2 protein chains.
Amino acid sequence: MASTSSERPVRVRLVEAAARLLSREGPQALTARRLANEVGASTMALYTHFGGMPELVRAVVDEGFARLAAHMAAVPRTADPVADLGSLALAYRANALANPHLYGVMLGGAPLGRYRVPPAELIEGRRNDSDTFGVLVEATKRAMADGRFRSGDPAVVSAQLWSAIHGFVMLELAGHLAGEPDVETVLTPLLATIAAGLGDDPEATARSVAAVRSHLRAEAGAGAPREAGGRAVAVDGP
Amino acid sequence: MASTSSERPVRVRLVEAAARLLSREGPQALTARRLANEVGASTMALYTHFGGMPELVRAVVDEGFARLAAHMAAVPRTADPVADLGSLALAYRANALANPHLYGVMLGGAPLGRYRVPPAELIEGRRNDSDTFGVLVEATKRAMADGRFRSGDPAVVSAQLWSAIHGFVMLELAGHLAGEPDVETVLTPLLATIAAGLGDDPEATARSVAAVRSHLRAEAGAGAPREAGGRAVAVDGP
DNA sequence: TGTGCGATATAACGCTGTTATGGCAAGCAC
DNA sequence: GTGCTTGCCATAACAGCGTTATATCGCACA
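Reading the values: the criteria
- Residues numbered from 1 in each chain as written.
- Chains lettered and ligands numbered in written order.
- Predicted model: local features only at pLDDT ≥ 70, side-chain atom pairs only at ≥ 80, totals over all residues.
- Heavy atoms only, no water.
- Near = heavy atom within 4 Å.
- Polar contact = N/O pair within 3.5 Å; in protein donor to acceptor, adjacent residues only side chain to side chain.
- Helix = DSSP H or I, 4+ residues; strand = E, 2+ residues; numbered from the N terminus.
- Nonpolar A, V, L, I, M, F, W, Y, C, P; charged D, E, K, R; others polar.
- Salt bridge = Lys/Arg side-chain N within 4 Å of Asp/Glu carboxyl O.
- Buried < 20%, exposed > 50% of the residue type's maximum accessible area, 1.4 Å probe, protein only.
- Contact = heavy atoms within 4.5 Å.
- Buried area = accessible area lost by both parts, 1.4 Å probe.
- Expected span 1.5 Å × (residues − 1).
- Phe/Tyr/Trp six-rings, centres within 6.5 Å; stacked < 30°, edge-to-face > 60°.
- UniProt positions renumbered as here; feature names shortened; annotations may be inferred.
- 1 Å grid on protein atoms, 1.4 Å probe; cavity = no way out; pocket = protein on both sides within 12 Å on 5 of 7 lines; lining within 4 Å.
- Points joined across faces, edges and corners; volume = space filled by probe spheres on them.

(A) Region of interest: the protein's contact with DNA strand D. For DNA strand D, the set of nearby residues contains 17 residues, the closest of which are A:Ser42, A:His49, B:Ala32, B:Arg33 and B:Met53. One of the side-chain N or O atoms of A:His49 is found 2.8 Å from a phosphate oxygen in DNA strand D. Between DNA strand D and B:Ala32 there is a distance of 2.7 Å, counted from a phosphate oxygen to a backbone nitrogen or oxygen. Put simply, the parts of the chain that give the surface near DNA strand D at least two residues each are α3 (44–49) of chain A together with α2 (32–39), α3 (44–49) and α4 (53–73) of chain B. With three residues, the single largest contributor to the surface near DNA strand D is α3(A). Residues of the surface near DNA strand D, tallied by class, amount to nine nonpolar, six polar and two charged.

(B) View of the pattern of salt bridges. All names here are of chain B. Following the criterion strictly, the structure yields 28 salt bridges over all chains and no others. Between Arg77 and Glu138 there is a salt bridge, with the nearest N and O atoms lying 3.4 Å from each other. Of this pair, Arg77 sits in the loop between α4 and α5 (81–98) while Glu138 sits in helix α8 (residues 132–145), and the two are 61 residues apart along the sequence. For Arg77, a relative accessible area of 54% corresponds to the exposed category. Where Asp80 meets Arg148, a salt bridge forms, and the shortest distance between an N and an O atom there is 3.0 Å. In this pair, Asp80 is assigned in the loop between α4 and α5 and Arg148 in the loop between α8 and α9 (154–174), connecting sequence segments 68 residues apart.

(C) Local environment of the interface of chain B and chain A. Tallying the contact residues gives 41 residues for chain B and 40 residues for chain A. Summing the contributions of chain B and of chain A, the shared interface buries around 3200 Å²; its carbon and sulfur component is 67%. Inspection of the chain B/chain A interface yields zero salt bridges. Remark: the boundary between chain B and chain A carries two residue pairs in polar contact (both at pLDDT 80 or more). If you list the elements that add at least two residues to the side of chain B that touches chain A, you get α6 (100–107), α7 (119–127), α9 and α10 (183–197) of chain B. Looking at which element gives the most residues to the side of chain B that touches chain A, the answer is α9(B), with 12 residues.

(D) Main features of α6(B). Among the eight residues of α6(B), six are classified as buried, and the element is accordingly described as predominantly covered. Just downstream of α6(B), B:Gly109 is the residue with a positive phi angle, here 70°.

(E) Structural view of the protein's contact with DNA strand C. The full set close to DNA strand C counts 17 residues, and A:Ala32, A:Arg33, A:Met53, B:Ser42 and B:Thr48 are the nearest of them. Sugar plus phosphate, as a fraction of atoms of DNA strand C within 4 Å of the protein: 40%. With respect to DNA strand C, the backbone of A:Met53 contributes an N or O atom lying 2.9 Å from a phosphate oxygen. Separating a phosphate oxygen of DNA strand C from a side-chain N or O atom of B:His49 is a distance of 3.2 Å. Elements supplying a minimum of two residues to the surface near DNA strand C: α2 (32–39), α3 and α4 (53–73) of chain A together with α3 of chain B. Split into classes, the residues belonging to the surface near DNA strand C amount to nine nonpolar, six polar and two charged.

(F) Layout of helix α1 (residues 10–25) of chain B. Residues and elements named next belong to chain B. The first and last C-alpha atoms of α1 sit 21 Å apart over 16 residues, in line with the 22 Å expected at 1.5 Å per residue. Residues of α1 that are buried in the fold lie against α2, α3, α4, α5 and α6. Phi turns positive one or two residues past the end of α1, at Gly26, with a value near 90°.

(G) Seen up close, the packing of aromatic side chains. Residues and elements named next belong to chain B. The full count for this structure, using the stated rule, is four aromatic pairs over all chains. An angle of 85° between the planes, with centres 5.7 Å apart, marks the rings of Tyr92 and Tyr103 as edge-to-face. Placement of the pair is Tyr92 in helix α5 and Tyr103 in helix α6, with a sequence separation of 11 residues. When its relative accessible area of 5% is taken as the criterion, Tyr103 is described as buried.

(H) Inspection of the UniProt feature "DNA-binding region" (unreviewed entry) in chain A at higher detail. The sites that carry the UniProt feature "DNA-binding region" (unreviewed entry) are, in the present numbering, residues 31–50 of chain A. Between the C-alpha atoms that bound residues 31–50 of chain A the distance is 14 Å, and the span itself is 70% helix and 0% strand.

(I) Structural view of empty space enclosed by the protein. Applying the stated criterion to the full structure yields six cavities of 30 Å³ or more. In this structure, the largest cavity encloses a volume near 140 Å³. Every residue lining the largest cavity is counted, 16 residues in all, and those nearest its centre are B:Val82, B:Leu85, B:Gly86, B:Leu191 and B:Ala195. Of all elements in the fold, only α5, α10 and α11 (202–222) of chain B reach the threshold of two or more residues within the lining of the largest cavity. No other element matches α10(B), which puts five residues into the lining of the largest cavity. Its volume calculated, the second largest cavity comes out at about 110 Å³. Contributing to the lining of the second largest cavity are 14 residues, with A:Val82, A:Gly86, A:Leu191, A:Ala192 and A:Ala195 lying nearest its centre.

Structure, rendered in structure tokens:
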């Protein structure tokens, strides 16, 4: 009661507690009674402020999309659009690894409790803010304008890139790549393969991928990757 | 009791009912009481035969992997290994679309109820039978032996291909590609891009992709895709 | 003809999301 | 200041969930 008391409104404290529980203990910890205890209130608070568990999950997912978009928008744009695409892929992965449960609900189509976010709302949430997908499209456009990629529909090419990145991250999260290799043996070669297939000069691709790899190693060396560069998507609170 | 009575043992009837419920009504329909009603028994049957809900889910997942492997092993091997890889991708997708909930549990890392299959068991299940991933590796080896793909570690290249296919399917299932294009505008171009990036001659790639597309259209024209060619992964019963 | 043992039905426990009820405190009309 | 309305919250309840303890049934075997 008093331990968690602060001036922040109950509504945002509920969302924060939900994100924290989801991040630290997984979906099964996200119960109405647990949530109420966490913010020092009764379960009724959940229903007066949100209407029910589904709406609270929706709020957490929206928060997750906003943070993912912010994290990807924070990736610097260099003179090398192909390297930028690689950096975006790594940012995408870092977010997923920082909060796998939320990622599963946002982009993996996973239900949370007995509630599953409808696809239409997922897409709408994804298009808000600076739009995760839009950043990919923009970098793809630059790669085409620079003559790195063959001309084509940037949205279609971005969808291909997104499929590849997303698939790698999902397999990695599900553990299907364990024992077998990791980012440097699957993801970056995959990006190189796709870049080459899209028309990029092999030597230019090699330079871009090397740049991405050096960024990755620099971040990994600087500390825990999920902490470096801005908190990722986890809503862990201070 | 009499309506579902047959000589089949209760154990397999429980697994079948679970797969049917999961396929037709989704995860929230998969409850112990519902399952018991479905086979005309009490909930105790579940515990005497399986020990609990998690073990039953495990049995359904094993069944799903077996059917997926059988479905992919049924893809014919032609003289064109790149086209074969495309056909495998389409078979993979057809299975996922035929039973999206089961696919999410098997390969999407989605929890079922309050139970989530441990990654280690997923991988073990995947390696059984003819091993879904092994079929991919085998086709990749042939593509390398035929000079279509540059030489390299087939397992690593297969992991890249799997990531791409899996990512497309997950995004498609989650609805993130809706409005935007479909198999023919994202998946087959993605496979063509990767083949080209792996060293395949562009014209050879075009021929292989055209062959895959014609197969796809032939199947789509022959009837519902999920019915053509052997029941897919759904355990729908007669 | 017992006899033992596995499978099952019944009922309960603690948990879940949800809601009906009642009280409490703040804001506003007069 | 008094009375009323309105919104927020605590309490307690309800149906449903997975699970389990107990008792009963039925069948194989000595």
